[in-house]
Amino acid sequence: MSGATVTTVSSNGTYSFTKPNRESITLLAGLGVEGDVHAGVTVKHRSRVAQDPTQPNLRQVHLIHAELFDEVAGAGFEVAPGDLGENVTTRGIDLLALPTGTLLHLGAEAVVEVTGLRNPCAQIDDFRHGLLKQVVGRDENGEIVRKAGVMGVVLTGGEVRPGDPVRAELPAGPHRPLERV
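Q: Could you give an account of the sheet that holds strand E12 (residues 158–160), naming the residues involved and the relevant values?
A: Judged by pairing direction, the sheet is antiparallel, and its three strands sit side by side in the order E4-E3-E12 without closing on themselves. Both edges of this open sheet fall to strand E4 (32–33) and E12, since each of them pairs with a single strand only. Summarising the sheet, strand E3 (residues 25–28) and E12 pair through three bridges and their orientation is antiparallel. When the bridges of E12 are listed, leucine 27 appears paired with glycine 158.

Encoded structure:
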């Protein structure tokens, strides 16, 4: 995992599937990305608010690995950083293989605790028809595999920029695999 970096940062103050790329974003402890529509102590995702608006927000920051864009490009889909609504795009770290509770150190100060996997929805097919099958599939045992990144909460705030290093600090074992949040 050495050499892992932030390639792009994105945020949006209004509900939209995609998020514009920024020169930097500021992570706020306990809240998420400053000015982003999904920032807050309680859930902000529309379907989750409809279920129970008092649920804790375990989806303050969405991170995707740029390698996913390379993979879906091989299947004919053009997807760029921010297109899938992520806040932080990384390269050189296998986000999906991290255990629950991993601390991701982004740049000089920010720390995000990984809470689980993003559960992609049908909006992905509205963005690019057929893309959902590329980011959600099944393994050889028939188990669902979600590849659309990980979600986390901000433990320590700070500014994050493209080119910043990413360092993973694994939790004490036994490790729990990521589940959808």
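There's plenty left to go through after this.
Q: Break down the sheet that holds strand E8 (residues 110–117) for me, with residues and values.
A: Neighbouring strands of a sheet are bound in pairs by backbone hydrogen bonds; such pairs are parallel or else antiparallel. Taking strand neighbours across the sheet as the criterion, the eight strands line up as E2-E1-E6-E5-E11-E8-E7-E13 in an open arrangement whose pairing is mixed. In the strand order of this sheet, the two ends are held by strand E2 (21–22) and strand E13 (166–169), each with one partner.

Q: Please provide a residue-by-residue account of helix H2 (residues 66–74), values included.
A: Here H2 has its buried residues at Ala66, Leu68, Phe69 and Val72. Take H2 and look down its axis: the buried residues cluster within an arc of 145°, on one side only. Among the structural elements, strand E1 (5–10), strand E5 (61–65), strand E6 (88–91) and helix H4 (132–135) are those in contact with the buried residues of H2. A positive backbone phi angle near 95° is found at glycine 76, which sits one or two residues after H2.

Q: Now, about the layout of surface pockets: what can you tell me, with residues and values included?
A: Approximately 520 Å³ is the volume found for the largest pocket. Every residue lining the largest pocket is counted, 25 residues in all, and those nearest its centre are His38, His45, Arg59, Arg118 and Gln123. Residues of the lining of the largest pocket, tallied by class, amount to six nonpolar, 12 polar and seven charged.

Parameters and conventions
Residues numbered from 1 in each chain as written. Predicted model: local features only at pLDDT ≥ 70, side-chain atom pairs only at ≥ 80, totals over all residues. Heavy atoms only, no water. Pairing = 2+ DSSP bridges. Helix = DSSP H or I, 4+ residues; strand = E, 2+ residues; numbered from the N terminus. Buried < 20%, exposed > 50% of the residue type's maximum accessible area, 1.4 Å probe, protein only. Arc of directions from axis to C-beta. Contact = heavy atoms within 4.5 Å. 1 Å grid on protein atoms, 1.4 Å probe; cavity = no way out; pocket = protein on both sides within 12 Å on 5 of 7 lines; lining within 4 Å. Points joined across faces, edges and corners; volume = space filled by probe spheres on them. Nonpolar A, V, L, I, M, F, W, Y, C, P; charged D, E, K, R; others polar.

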